Amino acid sequence: MMSIGLLALLDDITTLLDDIAVLSKVAAKKTVGVLGDDLALNAEQVSGFSADRELPVVWAVAKGSLVNKAILVPLAIAVSAFLPWLIQPILMLGGLYLCYEGAEKVLHSIKQRRDKKNHQQIVLSRLTAQLKQTDARLDEEALRKQEKIKVKGAIRTDFVLSAEIIVIALGTVENQSILIQALVVSVIAFLVTVGVYALVGLIVRLDDMGLALFKSKHTLIKKTGSVILQSAPWLIRLLTVVGTVAMFLVGGGIFVHGLPLLHGIEQTIDSIDLFSMPLLTSTLTVLFNILIGLGLGGIAIAMASLFSKKEAH
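Residues numbered from 1 in each chain as written. Predicted model: local features only at pLDDT ≥ 70, side-chain atom pairs only at ≥ 80, totals over all residues. Heavy atoms only, no water.

Trainee: Would you explain the packing of aromatic side chains in this entry?
Mentor: By convention here, two paired aromatic rings are described through the distance between centres and the angle between planes. Enumeration over the complete set of coordinates arrives at 0 aromatic pairs. We note Lys222 situated over the ring of Phe214; from NZ or CZ to the ring centre the distance is 4.2 Å. (Phe/Tyr/Trp six-rings, centres within 6.5 Å; stacked < 30°, edge-to-face > 60°. Lys NZ or Arg CZ within 6 Å of the ring centre and 35° of its normal.)

Trainee: Can you walk me through the confidence of the model for the chain in this structure?
Mentor: Interpretation of the predicted coordinates at a detailed level should be avoided for regions scoring low in pLDDT. Predicted confidence across the chain gives a mean pLDDT of 76, with 73% of residues reaching 70 or more. Below a pLDDT of 50 lies the segment residues 9–13, which in the model reaches 0 contacts outside its immediate sequence neighbourhood of four places, other chains included. Residue range residues 118–124 is modelled with pLDDT below 50. Its contacts to residues more than four positions away, or to other chains, number 12 contacts. (pLDDT = per-residue confidence, 0-100. Contact = heavy atoms within 4.5 Å.)

Trainee: Is there a simple way to think about the side chain of Asn68 in this case?
Mentor: Note on placement: Asn68 falls in helix α2 (residues 51–82). A polar side-chain atom of Asn68 sits 3.0 Å from a polar atom in the side chain of Asp158. Asn68 has contacts with Ile155, Asp158 and Phe159, leaving out every residue within four places of it along the chain. (Helix = DSSP H or I, 4+ residues; strand = E, 2+ residues; numbered from the N terminus. Polar contact = N/O pair within 3.5 Å; in protein donor to acceptor, adjacent residues only side chain to side chain.)

Trainee: How should the packing of helix α9 (residues 219–258) against helix α10 (residues 260–271) be read in this particular structure?
Mentor: A pair of packed helices can be characterised by two numbers: the angle between their axes and the separation between those axes. In the contact formed by α9 and α10, the axes pass within 5 Å of each other and the chain directions differ by 100°. Put simply, α9 runs roughly perpendicular to α10. Between α9, through Phe255, Val256, His257 and Gly258, and α10, the contact on the second element is made entirely by Pro260, Leu262, His263 and Glu266. Partitioned by chemical class, the residues of the contact of α9 with α10 number 4 nonpolar, 3 polar and 1 charged. (Axes fitted to C-alpha atoms, helices over the stretch in contact; angles between N-to-C directions. Parallel < 35°, antiparallel > 145°, perpendicular 65-115°, else oblique. Nonpolar A, V, L, I, M, F, W, Y, C, P; charged D, E, K, R; others polar.)

Dropping the structure here:
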């Protein structure tokens with residue numbers, strides 16, 4: 001009887017694991033769209049550090065991301081079970097924060113172009129930091145302080161994106177038991193963190209990989225290294241732009257799907273058959289989400305500026 005009970009238990013466990021694997025695949029497909037934005041955003045957030053600090057920064061943000069998901073997974077399960085109506089408002093607050101961050105980055109970039117001799121830019125510049133020999137200790141302290149600020153900002157941004165990924169994954173298993181919901185969402189959360197930050201670490205070390213290949217005696221390998229070295233800076237710049245745009249896209253998208261009026265407009269755009277080209281229609285939908293994100297970012301910046309002025313008075 002004991003052996004029969006054990007076999008039945010093993011059969012139940014196998015069935016459960018099978019269900020988790022199948023549902024995890026479905027959830028992974030649903031979240032893949034957000035993963036591209038997550039990758040671009042995180043690669044942009046951890047770029048701009050000295051070569052010896054790049055991987056430690058990626059690791060610090062990855063650990064923060066795991067903590068985020070350790071908080072978010074049980075919280076999402078609890079909210080889904082007891083307060084399901086609260087998920088959308090929380091997501092929309094997170095979306096507004098992403099739009100604010102994106103707008104702040106755009107304004108900061110414009111300010112840097114207007115004032116190329118900005119002190120912060122000088123401190124953050126890798127080349128300048130290497131050339132300044134007279135006050136190296138102060139430079140090091142400033143860089144460490146700035147590093148902590150950027151890491152905290154990256155972890156906050158990751159929190160919002162993680163929340164969206166978890167909610168999307170949870171939506172695919174909302175009709176399942178609490179146990180299966182928890183296991184599937186946990187699997188997705190773990191795989192997303194490992195996958196995204198492994199790729200981010202690879203991206204930020206592309207220049208070192210290119211240099212190692214460039215030192216090879218084989219012509220083909222040497223040329224490959226040269227191409228990587230030349231393209232790495234452009235890739236980082238591209239990711240900076242894509243990461244900022246992704247903030248508006250994700251933040252705006254959360255509001256578009258959360259507000260019936262905006263969602264109706266998006267569906268109308270989707271239903272338009274422009275020259276029988278679905279790609280063009282999809283592009284218009286993406287642009288609509290970005291424009292909503294830009295508008296929300298502008299409103300958030302204006303509100304923050306207004307409050308800061310009131311506090312100053």
